[in-house]
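# Structure at a glance
These are the residues of each chain, in order.
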Amino acid sequence: MLAAILPVLALTLYNGFRERSAAEAAEHDELRLVAELTAKRPEQLLLHARQLLQAIAANSDELLRDPNACRAYFKRMALETEGIFRSLGVILKDGHLHCNSALPDAVKVNVGDRGYFRQALESGRFAVGEFQVGRNSRQSGINFALPVLDDERRVRAVLFAGLNLEKFIEHGES
C-alpha cells in the first residue's frame, strides 16, 4: 500500500513545487514591473507638468490682463487635473501672485523668495522646486514653474503648478 501511495505523493510534491516556483516567478515579474513604473512616474510627472504649463502659456496675454478671469481659468484647470495639482496660477516678476486657483482674490502673497520661482525667473526655463509647505494652505507640495517670455526673451511672468503630494501618492497606489 505504501508503494502505491509514494508515486502519488511524489507527483503531488513535484506539482506543488512547480506551482510555487511559477508563482514566485510571476510575483518577481510583477514586482519588477511595479519598480519600473514607480521609477518612471517622476519623469512622467515632470513631462506632464511642463506640457501643462506650456499649453497654458499660449493664453498668457489673456491671463495677465484680468486677474479674475485668470483665477477662474486656473480653477477649471485644477479640476481638470483631477486634483494632482493643488494650485495653479501666475506670479508676476516681483514675486506677487497675480492669480491662484487655490486662494481667494483678497489674499495677497509674495513668493519672490521661493526657489522654484527664483530659478524660473533667473534661468528663463522650466524649474522644479523643492519640497515645501504652503504659506497660506499649510499643505506640503512641490511646485513647478515656467517663465512666460516676451519677444526679446525677457521674463514677463511665471506660471506655476503646485503638486498635491497626497493625491500623487494615492494615484500611484491605485
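Calculation notes
Residues numbered from 1 in each chain as written. Predicted model: local features only at pLDDT ≥ 70, side-chain atom pairs only at ≥ 80, totals over all residues. Heavy atoms only, no water. Core = buried A, V, L, I, M, F, W, Y, C linked by side-chain atoms within 4.5 Å. Buried < 20%, exposed > 50% of the residue type's maximum accessible area, 1.4 Å probe, protein only. Helix = DSSP H or I, 4+ residues; strand = E, 2+ residues; numbered from the N terminus. Contact = heavy atoms within 4.5 Å. Disulfide = S-S within 2.5 Å. Expected span 1.5 Å × (residues − 1). Arc of directions from axis to C-beta.

With that settled, the discussion passes to the nonpolar core. In this structure, Leu53, Ile56, Phe74, Phe85, Leu88, Val90 and Phe144 are the most contacted members of the largest nonpolar core, which totals 25 residues. Counting residues per element, the ones that place at least two in this core are α1 (2-57), α3 (67-80), β1 (85-92), β5 (140-149) and β6 (155-164). Discounting residues that sit within four places of it in the chain, Val90 has contacts with Leu63, Leu64, Cys70, Phe74, His96, Leu97, His98, Cys99, Ala157, Val158, Leu159 and Phe160. In this structure, Ile91, Val111, Leu121 and Val155 belong to the second largest nonpolar core, which totals 14 residues.

What the rule picks out here adds up to one disulfide. The partner cysteine of Cys70 in its disulfide is Cys99, sulfur to sulfur 1.9 Å. You can see Cys70 sitting in helix α3 and its partner Cys99 sitting in strand β2 (residues 97-100), a full 29 residues away along the chain. Per residue, the accessibility class of Cys70 equals that of Cys99, and both read buried.

With 14 residues, α3 extends 20 Å from end C-alpha to end C-alpha; this agrees with the ideal 20 Å at 1.5 Å per step. Within the sequence span of α3, burial applies to Cys70, Arg71, Tyr73, Phe74, Met77 and Ala78. Projected down its long axis, α3 shows its buried positions confined to an angular sector of 160°, all on one face. In this structure, α3 carries Leu79 and Glu80 as exposed residues pointing more than 90 degrees from its buried face.

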